[in-house]
Amino acid sequence: MLETKRVVQLRSSRGFYVRMRLLHGTRGARNPEKGFCYRYFKWILWLSISFYFFSSFLITRSKPSSSISRTTVSRSKPSRALIEESLLNSNSSSLQHLQIQDGLFKGMKVYVYELPSKYNSDWLSNERCSSHLFATEVAIHRALMRSDVRTLDPWKANFFFVPVYVSCNFSTVNGFPAIGHARSLIASAIEHVSAQLPFWNRSRGADHVFVASHDFGSCFHTLEDVAIADGVPEFLRNSIILQTFGVKHKHPCQDVEHVVIPPYIPPESVRATLKKSPETGRRDIFAFFRGKMEVHPKNVSGRFYSKKVRTEIWRKYGGDRRFYLRRHRFAGYQSEIVRSTFCLCPLGWAPWSPRLVESVALGCVPVIIADGIQLPFPSAVPWAEISLTVAENDVDNLGKILEHVAATNLTSVQRNLWDPSVREALLFNVPISEGDATWQVLDALSQKLDRSHKKPSLTSQ
């Protein structure tokens, strides 16, 4: 037997050597070929591990520094954006935000400004702020915060969302939103973002997005004559406005780049109603309307509420058993809509109303009585196939028109109306769901990328 001697010299504290004799386990001679393969394998393994650590070192050293350093954020402390990005990465499996596919919305990215709380979150102390018909400003903000379209790096953004809530200042007299402060609050927010970061000044606001979910949108007034006289504020005329107001003809309150959006209806209330009464269930009300109908409309600045259309509906059909008309509020009115075949959607002060969304969402054929109205998301909602349009001066013939539709193509209209994707397109979900109202907003913005200073990349970031 051959013995292989290896001397391991270990110097102890007593100053002597220990000799160790290692005996290898084979009794015969070592196979030269096997020894060569063993040494070869060790060299390959050592080189692989060395290459791995060396490559990792080079990648780490060459990785570009965070783009936050290109902003005015102080270097002396970690920015909130970086902390938030870390939290998002570490908790991505638990967050229920929509994973946007590569290339969707043409690779568009949106940066959401972090404004002081006085511009948004402070208003949420009143719970109505996030649930009333103007609450799209809150819903879109919340949805964007949890969307993969959002970027935490402003230098990678195609658009910049400015989250200012101007509809939550409810009047102590009548409970309606008072928006007299809207212009000054938005102007202050613009002053803040332009002082903090360079992007507003770079584009003069052309790639910045605001929400104006009030009667006459970006004119910020409830009365049309005053809204027209005031017009769109000068500081917003170069920006993109998401607004509920829209008409097909030229109007000073849409003399700005804009996207017409639906008013806000809480999705959970719609789903709760449909759970109790499916949209395909029995509809024992022929024509329905609940809301303000003045018997003697007041002259306000030379104008009458609803241009007297609602007054005429009440006068003509108040005693008609086919029409279920109510002038007073009722908290459970959605249970009436889901029982109705036709839901009247006449104009108020403005052409649009939340009845448009509620009617569609609850499967009641909307009867639109608002001349020249521009309806939201026409590429996703086939309005001509799911609704009726009646001219304001044709209200006297409303009964005959509805009877004719009921006797001819009602089944076809209802089949189109009850397509779930149609309802989804008008509801703002948090987080975003595919095809919903915020999804439609993003799709509309992606068609305006020529306004962006940064050209989009079709790969995800």
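Bear in mind that the values here come from a model prediction, so they are computed numbers and not experimental data.

J.: Now, about the pairing of strand β8 (residues 285–290): what can you tell me, with residues and values included?
T.: Where burial is concerned, most of β8 is hidden: six out of the six residues are buried. Bridge analysis of β8 against strand β11 (residues 323–326) gives four bridges, and the strand direction is parallel. Across the sheet, residue A287 finds its bridge partner in β11, namely F323.

J.: Which residues make up the packing of aromatic side chains, and what values go with them?
T.: Taken as a whole, this structure holds 13 aromatic pairs when the rule is applied. When the centroid spacing of 5.5 Å and the interplanar angle of 85 degrees are considered together, the rings of Y111 and Y113 count as edge-to-face. When sorted by exposure, Y111 lands in the same class as Y113, which is buried. A ring pair is formed by Y317 and F323, whose centres lie 4.4 Å apart and whose planes are at 20 degrees; its orientation type is stacked. By relative accessible area, which is 5% here, F323 ends up buried. Its guanidinium or amino end placed over the ring of Y305, K292 lies 4.3 Å from that ring's centre, counting from NZ or CZ. When the ring centre of W314 is taken as reference, the NZ or CZ atom of R327 above it lies at 5.6 Å.

J.: Summarise the environment of V226; cite the residues concerned and give the values.
T.: Looking at where V226 falls in the secondary structure, it is placed in helix α6 (residues 224–230). Distance from V226 to S301, taken between C-alpha atoms, is 9.0 Å for residues 75 residues apart in sequence.

J.: Help me get a handle on the state of the cysteines, residues and values and all.
T.: Under the definition given, this model contains three disulfides. Residue C219 pairs covalently with C253 via a disulfide, S to S 2.2 Å. Residues C219 and C253 are joined through a disulfide that is left-handed, its torsion about the S-S bond being -110 degrees. Taken as a pair, C219 in the loop between β5 (208–212) and α6 and C253 in the loop between β6 (240–243) and β7 (257–260) lie far apart in primary sequence, 34 residues in all. Disulfide partner of C343: C364, at an S-S distance of 2.1 Å. As the torsion about the S-S bond is roughly 115 degrees, the C343-C364 disulfide counts as right-handed. With C343 in strand β12 (residues 340–346) and C364 in the loop between α10 (355–361) and β13 (365–369), this residue pair connects regions lying 21 residues apart in the sequence. Exposure remark for C343: the relative accessible area of 2% places this residue in the buried category.

J.: Describe the pattern of salt bridges, with residues and values.
T.: The tally for this structure, following the rule as stated, stands at 15 salt bridges. With its nearest N and O atoms 4.0 Å apart, the salt bridge here joins D207 to R202. By relative accessible area, which is 0% here, D207 ends up buried. In this structure, the salt-bridge partner of K292 is E294, at a minimum N-O distance of 3.5 Å. With a relative accessible area of 39%, K292 lands in the partly exposed category. Sharing partners across several salt bridges, the network here consists of E257, K448 and R451.

J.: So what's going on with the side chain of H132? Which residues, and what values?
T.: Tracing the backbone shows H132 in the loop between β3 (110–112) and α3 (136–145). Residue class for H132 comes out buried when judged on its relative accessible area of 8%.

J.: Go over the confidence of the model for the chain, please, and point to the residues and values.
T.: Scored by pLDDT, the chain comes out at a mean of 84, with 77% of its residues at no less than 70. A low-confidence stretch, residues 1–30 (pLDDT under 50), is modelled with 16 contacts involving residues beyond four sequence positions or located in other chains. Here residues 59–99 scores under 50 on pLDDT; set against residues more than four positions off or in separate chains, the count is 41 contacts.

J.: Please provide a residue-by-residue account of the environment of K292, values included.
T.: Position of K292 among the secondary structure elements: in the loop between β8 and β9 (299–300). Through-space distance from the C-alpha of K292 to that of S306 is 9.4 Å; in sequence the pair is 14 residues apart. Once residues within four sequence positions are removed from consideration, K292 is found in contact with Y305, R310 and R355.

Cut-off values and rules
Residues numbered from 1 in each chain as written. Predicted model: local features only at pLDDT ≥ 70, side-chain atom pairs only at ≥ 80, totals over all residues. Heavy atoms only, no water. Buried < 20%, exposed > 50% of the residue type's maximum accessible area, 1.4 Å probe, protein only. Helix = DSSP H or I, 4+ residues; strand = E, 2+ residues; numbered from the N terminus. Pairing = 2+ DSSP bridges. Phe/Tyr/Trp six-rings, centres within 6.5 Å; stacked < 30°, edge-to-face > 60°. Lys NZ or Arg CZ within 6 Å of the ring centre and 35° of its normal. Disulfide = S-S within 2.5 Å. Salt bridge = Lys/Arg side-chain N within 4 Å of Asp/Glu carboxyl O. pLDDT = per-residue confidence, 0-100. Contact = heavy atoms within 4.5 Å.

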